[in-house]
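# Descriptive analysis of the structure
What follows is the residue order along each chain.
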Amino acid sequence: YKLSGDGSYKVNTSFKNNMLNGAFTFSYNITMTSQDIRGGSGIEKHSVSYVGGFSDGLPHGLFNIAYNTEYTIKLKAQYDKGTLVGAYSCTCINDGLPVIINGVLSSKGELIGKWTTQDIKGHTTYEFQNGILIRESNDESGSTKPNVTELAKKFAAGTISKEELFEHYGRKYRYDTTNNIH
């Protein structure tokens, strides 16, 4: 088996007190060629581009990331001193089939409002309150039951605790480490 590669990379950034500070750009392109003992061969091309900024070593500001190989990923995200905030969008394309994710994060980095995903199976909407998933609806299975949504809203608002949730409503709802009720 033989593998060879050729590529380049470029980094532009600055440092303050040994920490990334200011504008940050990084890109690389590489081509990998392989050949096996049976005469089969292949070529893989990879390219990556990161554009963003840092403040005292923490991601800060708008980041645009693009990754291209046998699949493509495009990500746009906003950071505030290391916390993911604001509008978020990500598109992944694999074998010509896209997966699109859009949503918003609070100033604390919590998922809020409506988040949407779209893929070959259809469209799904997730509704969040204070980082808690309160409702899900999609083309295939419909929506979260209204009583579960109301329960999730109470939990997200802090009017019931995790313990009260299980005490009053039993363990028929799944609570995961991301504070989501299912």
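Residues numbered from 1 in each chain as written. Predicted model: local features only at pLDDT ≥ 70, side-chain atom pairs only at ≥ 80, totals over all residues. Heavy atoms only, no water.

### Comments concerning the nonpolar core
Of all hydrophobic cores here, the largest spans eight residues; its members are Ile-132, Ile-134, Leu-151, Ala-152, Phe-155, Ala-156, Ile-160 and Leu-165. Mapped onto this core, the elements with two or more residues apiece are strand 13 (132-138) and helix 1 (146-157). Element by element, the count of residues in this core is highest for helix 1, at four residues. (Core = buried A, V, L, I, M, F, W, Y, C linked by side-chain atoms within 4.5 Å. Buried < 20%, exposed > 50% of the residue type's maximum accessible area, 1.4 Å probe, protein only. Helix = DSSP H or I, 4+ residues; strand = E, 2+ residues; numbered from the N terminus.)

### A closer look at helix 1
Taking 1.5 Å as the rise per residue, helix 1 with twelve residues should run 16 Å; its terminal C-alpha atoms sit 16 Å apart, in good agreement. Along helix 1, the residues classified as buried are Val-148, Thr-149, Leu-151, Ala-152, Phe-155 and Ala-156. Around the axis of helix 1, the buried residues are gathered within 160 degrees of arc, so they sit on the same side. Within two residues after helix 1, Gly-158 carries a phi angle of roughly 85 degrees, on the positive side. (Expected span 1.5 Å × (residues − 1). Arc of directions from axis to C-beta.)

### Comments concerning the pairing of strand 5 (residues 41-55)
Where strand 4 (residues 22-35) lies against strand 5, 14 bridges are found, and the strand directions are antiparallel. Bridge pairing in strand 5 places Tyr-28 opposite Val-48. Linking strand 4 to strand 5, which pair antiparallel, is a turn of five residues; within it Gly-39 sits at a positive phi near 95 degrees. Note that strand 5 and strand 7 (residues 61-68) share five bridges and pair antiparallel. (Pairing = 2+ DSSP bridges.)

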